[in-house]
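An overview of the molecular structure
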Amino acid sequence: MPETRTAVVTGASKGIGLAIAAALREAGYQVVAGARTISAELTEVTSLAVPVDLGTAEGVDRLIEAALTELGGIDLLVNNVAGMSGPHVGGFLSVTDDQWRHTLELTLMSAIRASRAALPSILERRGHIINIGSVNARIPASPLVDYSAAKAALANLGKALAEEFGPRGIRVNTISPGPVRTAVWTEAGSTGDALATMAGVSRQEFLEALPAAFTMSTGRITEPAEIAALVVFLASGAASNINGSDLVIDGGTRNEV
Ligand SMILES: NC(=O)c1ccc[n+]([C@@H]2O[C@H](COP(=O)([O-])OP(=O)(O)OC[C@H]3O[C@@H](n4cnc5c(N)ncnc54)[C@H](OP(=O)(O)O)[C@@H]3O)[C@@H](O)[C@H]2O)c1
């Protein structure tokens, strides 16, 4: 294994991806990150930030190729980027083919394409793939029907890759968060904003009610740094018999939500 390990993080200009990139840098990784916009914060924590649309095959290939050619290989791939075309007020019957395609391309196909392109190097370096899933994989929500199905497929893919490639010395794991404090919930025009409107309350009221609505026994939503800490722990190999796992971090949400 080379002295300095290289990690690729998809969708890393803000939110959970940025927190993961920063934590991996702190843990000693060279970080290669991709997003459409390269934020100043991202440039600060990465060795290479690649402006790409990860909803396209070309964008994903360009990101992985940049890591392989400019940093010599990949030890860790974090498939973090996802897409959401909703929330769909009209539920399943209102979701168009284009909306399904958008969600599936960014949430599932990006991870498939990135894993396929990175695997030869990850196998050579006995590395690790970590997929950022969602509790919606197991607790689907009708306004997020496309996203929930895509996340379920992503978790399934993680298990399949762990079974196929585990015997060849690499690990593949999924982290499934419940609500995490990012722009997805906190920004004007966000999913959180739309869900708040659907519920007839303000975004702030909606955010405050989230822990109770999700029956979180901790009484709070998760911070991006907590997802990043879990990525660093998994990647550290301190518990390297964790493979094909789906680790939930959701404040103790009960399944019947
Ligand atoms: N926040 C939550 O409550 C929560 C809960 C469960 C799971 N998750 C999962 O955690 C992951 C990150 O979510 P987040 O809340 O951190 O999201 P976020 O704050 O909206 O950040 C999304 C990131 O993805 C990038 N991105 C979006 N579309 C892209 C595209 N077409 N090409 C390249 N990059 C793109 C964005 O950068 P650009 O816009 O610059 O491209 C940004 O860096 C996702 O997989 C999400 O499903 C989140």
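Not measured: the values here are computed from a predicted model. (Residues numbered from 1 in each chain as written. Predicted model: local features only at pLDDT ≥ 70, side-chain atom pairs only at ≥ 80, totals over all residues. Heavy atoms only, no water.)

This part is about the overall build of the protein chain. Looking only at helices and strands, one finds nine helices and seven strands in the protein chain. For 257 residues, the compact-globule formula gives about 18 Å, and the C-alpha radius of gyration of the protein chain, at 18 Å, lands near that figure. Projected onto its principal axes, the C-alpha coordinates of the protein chain cover approximately 55 × 35 × 35 Å. When the 257 residues of the protein chain are sorted by exposure, 50% land in the buried category. Counting contacts in the protein chain only where the partners sit at least 6 residues apart, residues at least 24 apart contribute 68% of the total. Taken as a whole, the protein chain presents about 11,500 Å² of accessible surface, with 53% of it coming from carbon and sulfur. On the protein chain, the mean spot of the 19 positive side-chain charges and the mean spot of the 26 negative ones are 4 Å from each other. (Helix = DSSP H or I, 4+ residues; strand = E, 2+ residues; numbered from the N terminus. Rg over C-alpha atoms; globule rule 2.2 N^0.38 Å. Buried < 20%, exposed > 50% of the residue type's maximum accessible area, 1.4 Å probe, protein only. Contact = heavy atoms within 4.5 Å. Areas by Shrake-Rupley, 256 points an atom, 1.4 Å probe, with all protein chains shown as cover. Lys, Arg positive; Asp, Glu negative; His and termini not counted. Charge placed at Lys NZ, Arg CZ, Asp CG, Glu CD.)

Glancing now at the sheet that holds strand β6 (residues 171-177). If you walk across this open sheet you meet the seven strands as β3-β2-β1-β4-β5-β6-β7, and the pairing is parallel. Whereas interior strands pair on both sides, the edge strands pair on one side only; in this sheet they are β3 (48-51) and β7 (246-249). Across the sheet, the mean angle separating the axes of adjacent strands is 15 degrees when strand polarity is ignored. Sheet topology places strand β5 (residues 128-132) next to β6; five bridges connect them, and they run parallel. (Pairing = 2+ DSSP bridges. Axes fitted to C-alpha atoms, helices over the stretch in contact; angles between N-to-C directions.)

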